[in-house]
Amino acid sequence: MKLVALSSSVVAGLAALMLAGPHSARAGEAGSPPIDSVEESADIDLLLSRMTLDEKIGQLVQRMGGRSKALNSRLGPEELERVRRGEVGSYLHVAGAEPLRELQRVAVEESRLGIPLLFSMDVVHGYRTIFPVPLAMAASWDPEAARRHARIAAREASAAGIHWTFAPMVDVARDPRWGRIVEGAGEDPYLGSRMAAAQVSGFQGNNLAAPDTVMAGTKHFGAYGAAEGGRDYAGADLGERALQEVYLPPFHAAVEAGAASFMTAFNALNGVPTTGNQALLRTMLREDWGWQGLLLSDWRAVEELQAHGVAGSRQDAAALALRAGVDMDMVSDIYADDLRRAIEADPALLPLLDEAVRRILAVKRDLGLFADPYAYHDARREAAVMLADSHRQAAREVAEQSIVLLQNENDVLPLARDAGRIALVGALADDALSQLGSWRAQGQEGDVVTLRAALEAAHPGVIYTTGVDTRSDDASGIAAAVAAARAADVIVVALGEDYDWSGEARSRSSLELPGRQRELFAALAATGKPLVVVLMGGRPLAIPEIAEKADAVLMTWLLGIEAGPAIVSALFGESNPGGKLPASFPRTTGQVPVNYDHLPSGRPADPDLSQDTARYMDQPITPLYAFGHGGSYTEFAYSPLRIDSVSMAAHGGSTTVSLDVTNTGNRAGDEVVQLYVRDPVASVSRPVMQLRGFQRVPLAPGETRRVSFTLRSDQFAFWSESGGWIVEPGVIEIMVGSASDDIRARGEIVIEGSAAGSIAPAAIATRTVLQ
Ligand code: NOJ
């Protein structure tokens, strides 16, 4: 009883602090670092001073409360005993307002100090209401869509007792063989930064302590996406410039947006495993960037420091990770079992332990858990918010926004309402599970409306045949599909990858359609009927035969519970596809990486094969579909650029570039206006183009709207030869257009003088105004 009383008084003290004012800044408040008052927080110090070494270590331990597909399954009596002994700081793979209330009660009322637990889960693209996979959401080029999804995901997850999501995943991915490309925003650091910041703001809201927000766990810091050969978990060998300019900016944008926690990457960077990488974590992230949030390892990544060959024992691994700045150990129990011995052997670790405990207690405080540990455990709220109509409606709208029209020969799309008989082919058209993607949280197959269900509901003359699926070698269904196609007026075939072809540990050596789908496609194309391909999956695919023979191709990714209705509305033109590719589509696997922002060469690629230039002999020099590409059922015209001031001071200068965009067709549609820049002469070779602004613009037929981009001089900085950001004098080329390979307007500005830059230019949001 006495111990409980002590706990309550500490809780009361912390609650008072939360209401106190200037030092209780919340994560997520614009412009303020997430946890800036840890050092000043007398109450956290007080709590710390009362903790035993084992209780301190306990706060650093994250245990699995279940498995991702069997949540809460490990929460038996032994686990509760650990909580009572103060040996656990957090659980993952747990859910449910009521079961987690009981677990929290044990922590708060039956452990010596009553410190609440943090409950966490991978809520990556929805909790119960599943939205499109993140790569698809990036194809919307609408950060507001990503923010809206995260807000809804947070509302649902927090109602189920979750405080913390392991999202957004902000790893830049330039090799689509890497299966985890599906979880991020694609190949570009600027687009990735906007999507990262938008999701952090959606998950965390303005107030982390509000019971309907969750802490964002930005991952996987810092170069996981650069895994060699696209093989998941493989190391990244990167020059400092590529690291700073390409892979780190979305993380920095997340820091600026107030991200309260980060997760370390599994892999090594230039030979140093990230989870023990002091230069990256402690020096750069904490000291240089000034970020004070909670840093969590990935699953068993502390233990894996041994397999990486940088720790000779579990004790070494514990010391290495703590020294590097890893606050919490996900699941490996190395901190739990081995950190005490590591500290006894090296007392210099003790202050590092205290720092980690402070940061963990600070996020618990910022989440409001000391003030009310049960704020996230309202079963009535849980029942009321799950899959609310407004959530489903938002999932539908975001799905529609994510669809990309890759090609549309002879305006085969949209289909007329009286299109006649439609042969719908392909196992993916009827695969509800796949639309939930690889992180489906609490998404249910039964919530999904498939393409087949939606098309049959919308159109009387649909004949469905499976043809082939994406996995088996059984091609026996092709004959029936061809017969159905012959009897139909138009073929709609769903091809691509099911949900389990992409995601963690789902790297592929080939980007071709898996299974016997190419044969199915060839047989359908041979019928000569109008042929619409609905391409599904979580990565860019190499589909040259489809590009050549299909009349129309819609990239529909894995679109979540409203996949079917969203695709059907695009097929019939009730919505007009306006998405753009967030990653280039190669012509063959061997063409990767084929990112648009490559460096120039002394011998730039030339279509003329008699020249010796930077290209493959056996492929054209372009990708199949370029970054930023995406068609529409209408057309858009661009005015020339207006540049308000052609010269800009290197230090503190800015200029505004504006243009008018007009819908010249007779259907409403969205255009994504894209602004690219190039520094043609600098002290180091600069990319041929780099995205620095974009705006999705909805336009009625005949309507014109003005888009203005205000560019700051520090957005032209680059990582200098000697390290650090520098802005150099000289000309900058500005290119604005509809895709990276479809530039419609050009201009130039001149930078006067030179200056030091501040942060990675891709992390800086261009101020954009739509009139
Ligand atoms: C491992 C994955 O790499 C990470 O993204 C995920 O958050 C954790 N497992 C927890 O499920």
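Relevant structure appears above.
J.: Is there a simple way to explain the sheet that holds strand β24 (residues 718-719) in this structure?
T.: Each strand in a sheet pairs with another by means of backbone hydrogen bonds, the pair being arranged parallel or else antiparallel. In spatial order, the strands read β24-β25-β28; together these three strands make up an open sheet with antiparallel pairing. Looking at strand neighbours, the two that pair on one side only are β24 and β28 (755-756), the edges of this open sheet. In the sheet, β24 pairs with strand β25 (residues 725-727) via two bridges, with the strands oriented antiparallel. Paired with Trp719 across the two strands is Trp725, which belongs to β25.

J.: Help me out: how do you make sense of the packing of aromatic side chains in this one?
T.: Centre-to-centre distance and the angle between the planes together describe a pair of aromatic rings. All chains considered together, the criterion is met by 17 aromatic pairs. Ring centres of Phe585 and Tyr625 lie 6.0 Å apart, and the angle between their planes is 70°; this geometry places the pair in the edge-to-face category. With Phe585 in the loop between α22 (563-571) and β17 (636-638) and Tyr625 in the loop between α22 and β17, this residue pair connects regions lying 40 residues apart in the sequence. Note on accessibility: Phe585 and Tyr625 belong to one class, buried. An aromatic cluster of at least three residues, connected via ring pairs, comprises Trp141, Tyr190, Tyr596, Phe627, Tyr676 and Phe694.

J.: Sorry if this is basic, but what is going on with the sheet that holds strand β10 (residues 329-330) here?
T.: Across the sheet, eight strands lie side by side as β9-β6-β5-β4-β3-β2-β1-β10; this open sheet has parallel pairing. The open sheet is flanked by β9 (294-296) and β10, the only strands paired with a single partner. Looking at chain direction, strand β3 (residues 118-121) and strand β4 (residues 164-165) are connected through two bridges and run parallel. For Ser120, the partnering residue across the bridge sits in β4 and is Trp164.

J.: How should I be thinking about the side chain of Asp171 in this particular structure?
T.: One can find Asp171 in the loop between β4 and α8 (189-204). Buried and without a salt bridge, Asp171 has Arg180 as its closest oppositely charged side chain, separated by 6.4 Å. Here His220 takes part through its side chain, which lies 2.8 Å from a polar atom of the side chain of Asp171. Discounting chain neighbours no more than four positions away, the residues touching Asp171 are Trp178, Gly186, Lys219, His220, Tyr224, Gly225 and Phe251.

J.: Can you help me understand the layout of surface pockets in this one?
T.: In this approach, a probe sized like a water molecule rolls over the atoms, and the result shows the empty space that is left. Taken as a whole, the largest pocket holds about 940 Å³ of empty space. Along its surface, the largest pocket is lined by 31 residues, and Asn595, Tyr596, His598, Ala605 and Ile621 are the ones closest to its centre. Among the secondary structure elements, those contributing two or more residues to the lining of the largest pocket are β26 (730-739) and β27 (742-752). Taken together, the residues that form the lining of the largest pocket break down as 18 nonpolar, eight polar and five charged. As for the second largest pocket, its lining consists of 30 residues, and the residues nearest its centre are Ser68, Lys69, His93, Ser438 and Trp439.

J.: Quick question: what am I supposed to make of empty space enclosed by the protein here?
T.: All told, the structure shown has five cavities of 30 Å³ or more when counted by the stated rule. Of the pockets and cavities examined, the largest cavity occupies roughly 120 Å³. Lining the largest cavity are 13 residues; nearest its centre among them are Gln59, Val83, Gly86, Ser111 and Ile115. Partitioning the lining of the largest cavity into residue classes produces seven nonpolar, four polar and two charged.

J.: For this particular structure, what's the right way to read the pattern of salt bridges?
T.: Any two side chains of opposite charge can pair, so long as their charged atoms come close to each other. Under the definition given, this model contains 57 salt bridges. One salt bridge connects Glu98 with Arg101, and the closest N-O pair in it is separated by 4.0 Å. Taken together, the residues span about one helical turn, with Glu98 and Arg101 both in helix α5 (residues 97-110) at a distance of three residues. One salt bridge in this structure joins Asp338 and Arg341, with 2.6 Å as the shortest N-O distance. In this pair, Asp338 and Arg341 are both assigned in helix α13 (residues 334-345), three residues apart and thus about one turn of the helix distant. When its relative accessible area of 42% is taken as the criterion, Arg341 is described as partly exposed. Bridged by salt links that share partners, the residues Glu81, Arg84, Glu102, Arg105, Glu109 and Glu110 form one connected network.

J.: Teacher, can you tell me more about helix α20 (residues 517-525) here?
T.: For an α-helix the count is 3.6 residues per turn, leaving residues at separations of three or four pointing the same way. Those residues of α20 not exposed but buried are Gln517, Leu520, Phe521 and Leu524. Projected onto a plane normal to the axis of α20, the buried residues spread over an arc of 95° and lie on a single side.

J.: In this structure, what is going on with the site of the ligand? I would like to understand it.
T.: Around the ligand, 14 residues are found, and the nearest of them are Asp122, Arg180, Lys219, His220 and Asp298. Within the side chain of His220, an N or O atom sits 2.7 Å from an oxygen atom of the ligand. In the environment of the ligand, an oxygen atom lies 2.6 Å from a nitrogen or oxygen atom belonging to the side chain of Asp298. Relative to its free-state accessible area of 300 Å², the ligand is covered by the protein chains to the extent of 96%. Residues that form the shell around the ligand fall into these classes: seven nonpolar, two polar and five charged.

J.: I'm lost on unusual backbone geometry in this one. Help?
T.: Peptide bonds are mostly trans, and most non-glycine residues show a negative phi. Of the consecutive residues Ala167 and Pro168, the connecting peptide bond is found in the cis state with omega at 5°. Leu413 connects to Pro414 through a cis peptide bond whose omega is -5°. By secondary structure assignment, the location of Pro414 is in the loop between β11 (404-408) and β12 (422-425). The phi torsion at Val331 lies on the positive side, around 70°, for a residue other than glycine. Along the chain, the position of Val331 falls in the loop between β10 and α13.

The rules we used
- Residues numbered from 1 in each chain as written.
- Predicted model: local features only at pLDDT ≥ 70, side-chain atom pairs only at ≥ 80, totals over all residues.
- Heavy atoms only, no water.
- Pairing = 2+ DSSP bridges.
- Helix = DSSP H or I, 4+ residues; strand = E, 2+ residues; numbered from the N terminus.
- Phe/Tyr/Trp six-rings, centres within 6.5 Å; stacked < 30°, edge-to-face > 60°.
- Buried < 20%, exposed > 50% of the residue type's maximum accessible area, 1.4 Å probe, protein only.
- Lys, Arg positive; Asp, Glu negative; His and termini not counted.
- Salt bridge = Lys/Arg side-chain N within 4 Å of Asp/Glu carboxyl O.
- Polar contact = N/O pair within 3.5 Å; in protein donor to acceptor, adjacent residues only side chain to side chain.
- Contact = heavy atoms within 4.5 Å.
- 1 Å grid on protein atoms, 1.4 Å probe; cavity = no way out; pocket = protein on both sides within 12 Å on 5 of 7 lines; lining within 4 Å.
- Points joined across faces, edges and corners; volume = space filled by probe spheres on them.
- Nonpolar A, V, L, I, M, F, W, Y, C, P; charged D, E, K, R; others polar.
- Arc of directions from axis to C-beta.
- Near = heavy atom within 4 Å.
- Areas by Shrake-Rupley, 256 points an atom, 1.4 Å probe, with all protein chains shown as cover.

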